Amino acid sequence: MNYARFITAASASRRPSPIRVLTEILSRAPKSVISLATGSPNPNMFPFKTAVITIKNGKTIQFDEETMKRALQYSQSAGIPELLSWLKQLQVKLHNPPTLHYPPSQGQMDICVTTGSQEGLCKVFEMLINRGDNILLNEPVYSGTLEALHPLGCNMINVSSDEYGMIPDALKEILSRWKPEDSKDPEKNTPKFLYTVPNGNNPAGTSLTSDRKKEIYEPWAPTFLSMDTDGRVIRADSFSKVLSSGLRIGFITGPKPLIERVVLHTQVSTLHPSTFTQLMVSQLLHQWGEEGFLAHIERVIDYYRKQKDALLAAADKWLSGLAEWHAPTAGMFVWIKIKGISDVKQLIEEKAIKKEILMVPGNAFYIDSSAPSPYFRASFSLASPEQMDIAFQRLAQLIKESI
């Protein structure tokens, strides 16, 4: 795989930051090394001394004085070693990427920690997109992704979807506009990449079936990363929905030549993700182990499944005949289409707010946000079943008044 042809001129021109490189060297150096190099502040001057964080199972994460000094200090741009090691083992367990033992230049699997998956995605987009490039995605799309893409000046081409996610035949139809050999000619402007959320699309809650994943990327396997024999998948993961959204810890997995570009960007932007939150998450994951982490995931899934059922029950009770929807297969949202109203923006943004119910109008999730949309997104993560019932009762009355 010739990764150079995908990288923008700005990304290709990135060089290692000398100070960041010294930080990496110092982190691996023996204690006997005398450093007069970095601008790391003296941790003895930090006002924080120790910390004890209690987990729900009653156990604790303890930061003694030495750990706290490390937690509050600069660290490696790619992430602290023990967290990177744990995350790599998790990816191998869950996906067993074929690229794990490839040579680095041929797309060997690599990982870096990011300040949430959004930061990782933004840096991936800036690494790959030149103004005027064609990229593929499937609407509806998370609005944060669209707002990251719009300023880059790319041409976003929508691949049609249904309740089972992206439609492979629609993808094939779009790609048929180009010949395979066109990818070697920059003038042909073949699509640079495909962006999709294969499981739990936000806002639609759809997930690609195994058969569709097979059609999009041969041979069959449960995740795109696990079938990535060519080293052409970049996967963004996040702990936001399962551990904490405020900790801002995510990670990017992909071909080493591309992950290295992302790390070079980090060296001169955020320098590194928070050392404190990385250590906290790392200690938790090492305490739990992989099985403990996956058991926690199951508890999270069980909670949101009950929340989803409560919202769908409220929708069935109050919105039947007024709207239509599909039960989400993952995530924390239901994507609802109001019947008889071509554009629900005013209804959701103005009238619903006056009735003290907040939802997101569907136009926020489309490339052309000015186009009318009969859809809105309802989240079931925070509200109680009683609140969901009241919200949809109020919404039903508003719909009846607006039709």
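Scroll up for the structure.
Numbering of residues starts from 1 in every chain and runs along the sequence as written. For this predicted model, a pLDDT threshold of at least 70 governs which residues receive local features, and a threshold of 80 or more governs which side-chain atom pairs are given and counted, while totals over whole chains, interfaces and linings are taken from all residues. Side-chain measures were taken over the full set of non-hydrogen atoms in the model, leaving aside hydrogen atoms and water.

Novice: What should I look at first to understand the overall build of the chain in this one?
Specialist: Secondary structure elements follow DSSP: runs of H or I of four or more residues count as helices, runs of E of two or more count as strands, with numbering from the N terminus. A tally of regular secondary structure across the chain gives twelve helices and 14 strands. Relative to its length of 403 residues, the chain is compact, with a C-alpha radius of gyration of 23 Å against a globular reference of 22 Å. On the principal axes, the C-alpha backbone points of the chain span a range of 75 × 60 × 35 Å. Only protein chains enter the area calculation, which uses a 1.4 Å probe; residues under 20% of their type maximum are buried, those over 50% are exposed, and those in between are partly exposed. Buried positions account for 47% of the 403 residues belonging to the chain. Within the chain, residue pairs in contact and separated by at least 24 positions form 67% of the contacts whose partners lie at least 6 positions apart. Computed by Shrake-Rupley with a 1.4 Å probe, the accessible areas treat only the displayed protein chains as cover when residues are assessed. If you sum the accessible surface of the chain, you get close to 20600 Å²; carbon and sulfur atoms cover 54% of it. Note on charges: Lys and Arg go in the positive column, Asp and Glu in the negative column, and His and the chain ends are not counted at all. In this description, the location of a charge corresponds to atom NZ of lysine, CZ of arginine, CG of aspartate or CD of glutamate. Here the chain contributes 44 positive and 41 negative side-chain charges, whose respective centroids are spaced 4 Å apart. A radius of gyration in this sense is built from C-alpha atoms; the matching globule rule multiplies 2.2 Å by the number of residues raised to 0.38. Residues are treated as being in contact if the distance between any of their heavy atoms lies within 4.5 Å.

Novice: Please explain unusual backbone geometry as it appears in this structure.
Specialist: Following Glu 139, the chain continues to Pro 140 via a peptide bond in cis, the omega torsion being -5°. Along the chain, the position of Pro 140 falls in the loop between β4 (134–137) and α6 (143–149). In this model, Asn 189 sits at a positive phi of 50°, which is unusual for a non-glycine residue. With respect to the helices and strands, Asn 189 occurs in the loop between α7 (168–175) and β8 (194–195). Of note in the backbone geometry, Leu 271 takes a positive phi value of approximately 70° without being a glycine.

Novice: What exactly am I supposed to notice about helix α11 (residues 345–354) here?
Specialist: Residue pairs three or four apart in sequence face the same way in an α-helix, which turns once every 3.6 residues. Residues of α11 that are buried include every one of Leu 347, Ile 348 and Ala 352, and no others. On an axial view of α11, the arc spanned by its buried residues comes to 85°, and they lie on one face. Where α11 is buried, its residues touch β12 (333–338), β13 (360–361), β14 (375–379) and α12 (385–402). A positive backbone phi angle near 60° is found at Glu 356, which sits one or two residues after α11. Of all possible arcs, the one meant is that of the directions from the helix axis to the C-beta atoms.

Novice: Teacher, can you tell me more about the sheet that holds β4 here?
Specialist: Whether parallel or antiparallel, the strands of a sheet pair through hydrogen bonds between backbone atoms. One open sheet holds the three strands; their spatial order is β5-β4-β8, and the pairing between them is parallel. Taken across any chain shown, the strands that pair with only one partner, and hence form the sheet edges, are β5 (155–158) and β8. Axes here refer to lines fitted to C-alpha atoms; in helices the fit is confined to the stretch in contact. Angles between the N-to-C directions go from 0 to 180 degrees. In the packing of α7 onto the sheet, the strands contacted are β4, β5 and β8, and the crossing angle to β4 comes to about 170°. Strand pairing is assigned whenever DSSP detects at least two bridges linking the two strands.

Novice: Just checking my understanding: could you explain the packing of helix α5 (residues 116–128) against helix α9 (residues 256–267) for this structure?
Specialist: Closest axis-to-axis distance for the α5/α9 pair is 10 Å, and the angle between their directions is 110°. On the basis of the axis angle, α5 is roughly perpendicular to α9. Residue-level contacts link Lys 123, Val 124, Glu 126 and Met 127 of α5 to Leu 258, Arg 261, Val 262, His 265 and Thr 266 of α9. Here the nonpolar group is Ala, Val, Leu, Ile, Met, Phe, Trp, Tyr, Cys and Pro; Asp, Glu, Lys and Arg are the charged ones; every other residue, Gly included, is treated as polar. In terms of residue class, the contact of α5 with α9 is made up of four nonpolar, two polar and three charged. Should an angle fall under 35 degrees it is called roughly parallel, over 145 degrees roughly antiparallel, and 65 to 115 degrees roughly perpendicular, with every other angle called oblique.

Novice: Even after reading the chapter, I still don't get the packing of helix α10 (residues 275–318) against α12, so can you show me in this structure?
Specialist: For any two helices packed against each other, one specifies the inter-axial angle together with the distance between the axes. Their axes nearest at 9 Å, the elements α10 and α12 cross at an angle of 30°. It follows from the interaxial angle that α10 and α12 lie roughly parallel. Note that α10 runs across α12; the crossing there is right-handed. Residues Gln 307, Ala 310, Leu 311, Ala 314, Ala 315, Lys 317 and Trp 318 of α10 lie in contact with α12, whose contacting residues are Pro 385, Met 388, Asp 389, Phe 392, Gln 393 and Ala 396. Handedness of each helix crossing follows the sense of rotation of the near helix against the far helix: counterclockwise by less than a right angle gives left-handed, clockwise gives right-handed.

Novice: Whenever I open this one, the pairing of β12 confuses me. Can you help?
Specialist: Look at any regular strand and the pattern is simple: side chains alternate between the two faces of the sheet. Burial of β12 is extensive: five of the six residues sit out of reach of the surface. Relative to β14, β12 runs antiparallel, the two sharing five bridges. By the bridge assignment, Val 334 is partnered in β14 with Ala 378.

Novice: What is the right way to read the side chain of Gln 267 from this model?
Specialist: In this structure, Gln 267 sits in helix α9. For Gln 267, a relative accessible area of 8% gives the class buried. Ignoring sequence-local partners within four residues, the contact set of Gln 267 consists of Arg 15, Pro 16, Ser 17, Arg 20 and Ser 77.

Novice: What should I look at first to understand the packing of aromatic side chains in this one?
Specialist: Centre distance and the angle of the planes are the two values used to describe a pair of aromatic rings. For Phe, Tyr and Trp, where Trp contributes only its six-membered ring, two rings pair if their centres lie within 6.5 Å, and the inter-plane angle classes them as stacked under 30 degrees, edge-to-face over 60, or tilted in between. Under the criterion given, the structure shown has ten aromatic pairs. A centroid spacing of 5.6 Å and a plane angle of 40° characterise the contact between Phe 239 and Phe 251, whose relative ring orientation is tilted. Taken together, the residues Phe 239 in the loop between β9 (235–238) and β10 (250–255) and Phe 251 in strand β10 connect sequence positions twelve residues apart. Centroid distance Phe 239 to Phe 293: 6.0 Å. Interplanar angle 85°. Geometry classified as edge-to-face. On the criterion of sequence distance, the pair formed by Phe 239 in the loop between β9 and β10 and Phe 293 in helix α10 is long-range, its members being 54 residues apart.

Novice: In this structure, what is going on with α12? I would like to understand it.
Specialist: Helices are assigned an expected span. That span is 1.5 Å times one less than the residue count. The first and last C-alpha atoms of α12 sit 26 Å apart over 18 residues, in line with the 26 Å expected at 1.5 Å per residue. Buried within α12 are the following residues: Met 388, Phe 392, Leu 395, Ala 396, Leu 398 and Ile 399. The buried side chains of α12 occupy one side of the element, clustering within an arc of 165° when seen end-on. Opposite the buried face of α12, by more than 90 degrees, sit the exposed residues Glu 386, Lys 400 and Glu 401. Buried residues along α12 sit in contact with α10, β12, α11 and β14.

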